[in-house]
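For reference, the chains in residue letters:
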Amino acid sequence: MPDPMHFDAHADDYARARPPYPPELWARVRDTGLVGRGRRAVDLGAGTGEASGPLLAMGVDVVAVEPGARLATMLEAQHPHARVLIGRAEDVELGAASFDLAVAATSIHWMDLDIVLPKVHRALTAEGRFLVWRNVFGDAGAAVTPFRERVAQIVDRREAPPREGDHENAAVAAERLSRSGLFAVEDVFRCRWSIELDAVQLRRLFATFSDWSADEADQAAAAVADLGGLITEHYASWLIVLAPQPRP
C-alpha cells in the first residue's frame, strides 16, 4: 500500500486541487439531524479541512485528527476554530461519549479498523453516528471519455501491481465497517457529479493521488492539453451512515 504520508508531502497541491464534496452529500449529512450549534464532531484523517470546514460553517464544534504535520498546520491556518490533533486516528485519545458525529472523509482505507472502530464506538454518544464517505475520482457508470481512455493507457503501462483491496466500493466498505457488530449500516447514499479541469488543475489533482507518480501526473496533464486544454471529469461520491450498537 502507498505511504499515507504522501499527502503531507503534497500538502500545498492537496489544499488547492482536491475538489469539495458535492452539495448532495452535505445535504445527506444535514439529514442526520446531528449538525448545528452545540454539536460536536471528530474528523479522522482531516487533511486540510475538506470536511472540517463545512462542519464548522454549520456551527459544529470540530476536533480534527490529522497525522501529517504540514496538512495539520494548513488546517489550523484555514480553520482556526477547529481543535487540531496531530496524530493517527489509531493513536489519539478521544473521550467517552464525547461526540455526536465521527467522520472519516476519503480516509478510512488508511486506518486499522480493529483499533479505530472500538475507539469511535466509545467516543460517540448513544444517539451519535459514524459517517464514512469518499469521493471516487472516476465514475465507473459514466461513459468513457477520450481523457479516461488516455488515463487507462497510463495505468496499463505501470510495472507495479494495482493497489490491493476495493477501497472505492461502498458495499465492500459497508460490510467491513459493520463486520465487528459495533456498528450497523443505517444508510448508504450515492451521488454522481462532474467537474471541468484544465491541464494545471488536473496535474495538481492527480499529483495528490497516492498511487500516481509525478511523471504519470505530467502525462495526464499532457493528455488534457492534447484534448483541447479543458476536460470534464465524471466522479462519484458515497456516504455510509453507521449507528453504534450496544456492546454485548
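This text goes with the structure placed above it.
Read on for an overview of the structure. Computed from a predicted structure; not experimentally measured.

Some points on the environment of Ala174
Tracing the chain through its elements places Ala174 in helix α8 (residues 170-178). Since its relative accessible area comes to 9%, Ala174 is described here as buried. As for Ala174 and Leu242, which are separated by 68 residues in sequence, their C-alpha atoms are 8.6 Å apart.

Section: the pattern of salt bridges
Summed over the entire model, instances satisfying the criterion amount to eleven salt bridges. Asp91 is the partner of Arg88 in a salt bridge, and the nearest nitrogen-oxygen pair spans 2.9 Å. Given the relative accessible area of 42%, Arg88 is considered partly exposed. Ionic pairing is found between Asp218 and Arg203, a salt bridge with its closest N-O pair at 2.8 Å. A residue pair is termed long-range when its members are at least 10 positions apart, and Asp218 in helix α10 (residues 214-226) and Arg203 in helix α9 (residues 199-207) qualify at 15 residues.

Remarks on helix α5 (residues 69-78)
Among the residues of α5, Leu71, Ala72, Met74 and Leu75 are the ones counted as buried. Take α5 and look down its axis: the buried residues cluster within an arc of 160 degrees, on one side only.

Considering the sheet that holds strand β6 (residues 183-198)
In any sheet, the strands associate via hydrogen bonds between backbone groups, in a parallel or an antiparallel arrangement. Pairing is mixed in the open sheet, where seven strands are placed in the order β3-β2-β1-β4-β5-β7-β6. The open sheet has two edge strands with one neighbour each: β3 (83-86) and β6. Shown here is a sheet whose adjacent strand axes are inclined to one another by a mean of 20 degrees, direction ignored. Along the sheet, α8 makes contact with β5 (124-136), β6 and β7 (230-244), crossing β6 at roughly 145 degrees.

Details of the environment of Ala142
Among the secondary structure elements, Ala142 is positioned in the loop between β5 and α7 (146-156). Discounting residues that sit within four places of it in the chain, Ala142 has contacts with Arg192 and His234.

Cut-offs applied
- Residues numbered from 1 in each chain as written.
- Predicted model: local features only at pLDDT ≥ 70, side-chain atom pairs only at ≥ 80, totals over all residues.
- Heavy atoms only, no water.
- Helix = DSSP H or I, 4+ residues; strand = E, 2+ residues; numbered from the N terminus.
- Buried < 20%, exposed > 50% of the residue type's maximum accessible area, 1.4 Å probe, protein only.
- Salt bridge = Lys/Arg side-chain N within 4 Å of Asp/Glu carboxyl O.
- Arc of directions from axis to C-beta.
- Pairing = 2+ DSSP bridges.
- Axes fitted to C-alpha atoms, helices over the stretch in contact; angles between N-to-C directions.
- Contact = heavy atoms within 4.5 Å.

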